[in-house]
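One-letter residues, chain by chain:
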Amino acid sequence: MPRAEHAPNYRFRDIGREDFGLVAKWLAEPHVAKWWGAPDTELAAIEEAMESVETRPMIVEMDGQPIGYLQSYDPHLEDGHPYQDQPKGTLGVDISIGIPELVGKGHGTAIIRQLASELFANGARRIVIDPDPENRQAIRAYEKAGFHYVDTRTSIYGPAHFMALDAPGVTDR
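These notes cover the structure that comes with them. From a predicted model like this one, the values you see are computed outputs, not experimental measurements.

Negative phi is the rule for most residues except glycine; trans is the rule for most peptide bonds. Of note in the backbone geometry, Asp63 takes a positive phi value of approximately 50 degrees without being a glycine. Tracing the backbone through its elements, the reader meets Asp63 in the loop between strand E2 (55-62) and strand E3 (65-73).

Further remarks concern the pairing of E2. Counted residue by residue, E2 has seven buried out of eight residues, so it is predominantly covered. Relative to E3, E2 is paired through eight bridges, and the arrangement is antiparallel. From the neighbouring strand, Ile59 faces E3, where its bridge partner is Tyr69. In this structure, the hairpin formed by E2 and E3 is closed by a connection of two residues, where Asp63 is found at a positive phi of approximately 50 degrees.

All right, on to the side chain of Arg13 then. Within the element layout of this structure, Arg13 appears in strand E1 (residues 10-14). Residue class for Arg13 comes out buried when judged on its relative accessible area of 17%. A distance of 2.6 Å separates a polar atom in the side chain of Arg13 from a polar atom in the side chain of Glu61. In this structure Arg13 touches Asp19, Pro57, Met58, Ile59, Glu61 and Pro66, once residues within four positions along its chain are discounted.

Remark: helix H1 (residues 20-28) packs on helix H3 (residues 39-50), axes separated minimally by 9 Å, with the N-to-C direction vectors making an angle of 135 degrees. By the criterion of interaxial angle, the relationship of H1 to H3 is oblique. The handedness of the crossing between H1 and H3 is right-handed. In this structure, H1 uses Phe20, Val23, Ala24, Leu27 and Ala28 to contact H3, whose residues at the interface are Pro39, Glu42, Leu43, Ile46, Glu47 and Met50. Looking at the contact of H1 with H3, its residues break down into nine nonpolar, no polar and two charged.

Spanning 12 residues, H3 covers 16 Å between terminal C-alpha atoms, matching the ideal 16 Å at 1.5 Å per step. Burial in H3 covers these residues: Glu42, Leu43, Ile46 and Ala49. Looking straight down H3, one finds that the buried residues subtend no more than 120 degrees of arc, so they occupy a single side. Across H3 from its buried face, at more than 90 degrees, point the exposed residues Asp40, Thr41 and Glu48. Structurally, H3 contributes buried residues whose contacts are with H1, E2 and E3.

Here we take up the environment of Asp74. Note on placement: Asp74 falls in the loop between E3 and strand E4 (90-97). Measuring from C-alpha to C-alpha, the distance between Asp74 and Leu91 comes to 4.8 Å, with 17 residues separating the pair along the chain. With residues up to four places along the chain from it excluded, the contact list for Asp74 reads Glu54, Thr90 and Leu91.

Quick look at the packing of aromatic side chains now. The tally for this structure, following the rule as stated, stands at three aromatic pairs. Taken together, a centroid distance of 5.9 Å and an interplanar angle of 80 degrees make the contact between Trp36 and Tyr69 edge-to-face. With a gap of 33 residues between them, Trp36 in the loop between helix H2 (30-33) and H3 and Tyr69 in strand E3 connect regions that are remote in the sequence. For the pair shown, Trp36 and Tyr69 are each scored as buried. Here the basic side chain of Arg153 rests over the ring of Phe162, its NZ or CZ set 3.9 Å away from the ring centre.

What counts, and at which threshold
Residues numbered from 1 in each chain as written. Predicted model: local features only at pLDDT ≥ 70, side-chain atom pairs only at ≥ 80, totals over all residues. Heavy atoms only, no water. Helix = DSSP H or I, 4+ residues; strand = E, 2+ residues; numbered from the N terminus. Buried < 20%, exposed > 50% of the residue type's maximum accessible area, 1.4 Å probe, protein only. Pairing = 2+ DSSP bridges. Polar contact = N/O pair within 3.5 Å; in protein donor to acceptor, adjacent residues only side chain to side chain. Contact = heavy atoms within 4.5 Å. Axes fitted to C-alpha atoms, helices over the stretch in contact; angles between N-to-C directions. Parallel < 35°, antiparallel > 145°, perpendicular 65-115°, else oblique. Left-handed = near helix turned anticlockwise from the far one by under 90°. Nonpolar A, V, L, I, M, F, W, Y, C, P; charged D, E, K, R; others polar. Expected span 1.5 Å × (residues − 1). Arc of directions from axis to C-beta. Phe/Tyr/Trp six-rings, centres within 6.5 Å; stacked < 30°, edge-to-face > 60°. Lys NZ or Arg CZ within 6 Å of the ring centre and 35° of its normal.

By themselves, these are just geometric observations and shouldn't be taken as functional.
In structure tokens form, the structure reads like this:
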């Protein structure tokens, strides 16, 4: 959990074009740039995702302030997505905390737990995430949030440490 005087209040809201300047700044931060593509390329993909049915790009706010980018997506709605071997009701997620001072303080774990809870409450049966196998900090955060290792895959972005979290009561892996 985040080390703070009070438990942070996270909120997930749909991204707007007015957020692109801030997201571009975050994408240029060394701790984000190491794992994401060039800001112009990523912003173009986010803009495309804003119009898609399979992906929901969002801003994470903490106590009313934007602190990161995340997205959820349904691999079954995207032609040829490599995660279609997962059960129906699976959603994939990607997350990045943009503010360097907030990294390594438990926010990633807390955010992903809250997001998972909300996605499960809305009917998701499984959530998957695919950090780079060398991103040990992210992998540890996801493990703390309850994700388990499934396998190592190769995505269009390279190798992926494929992890899953099942909704409470779901046993069909």
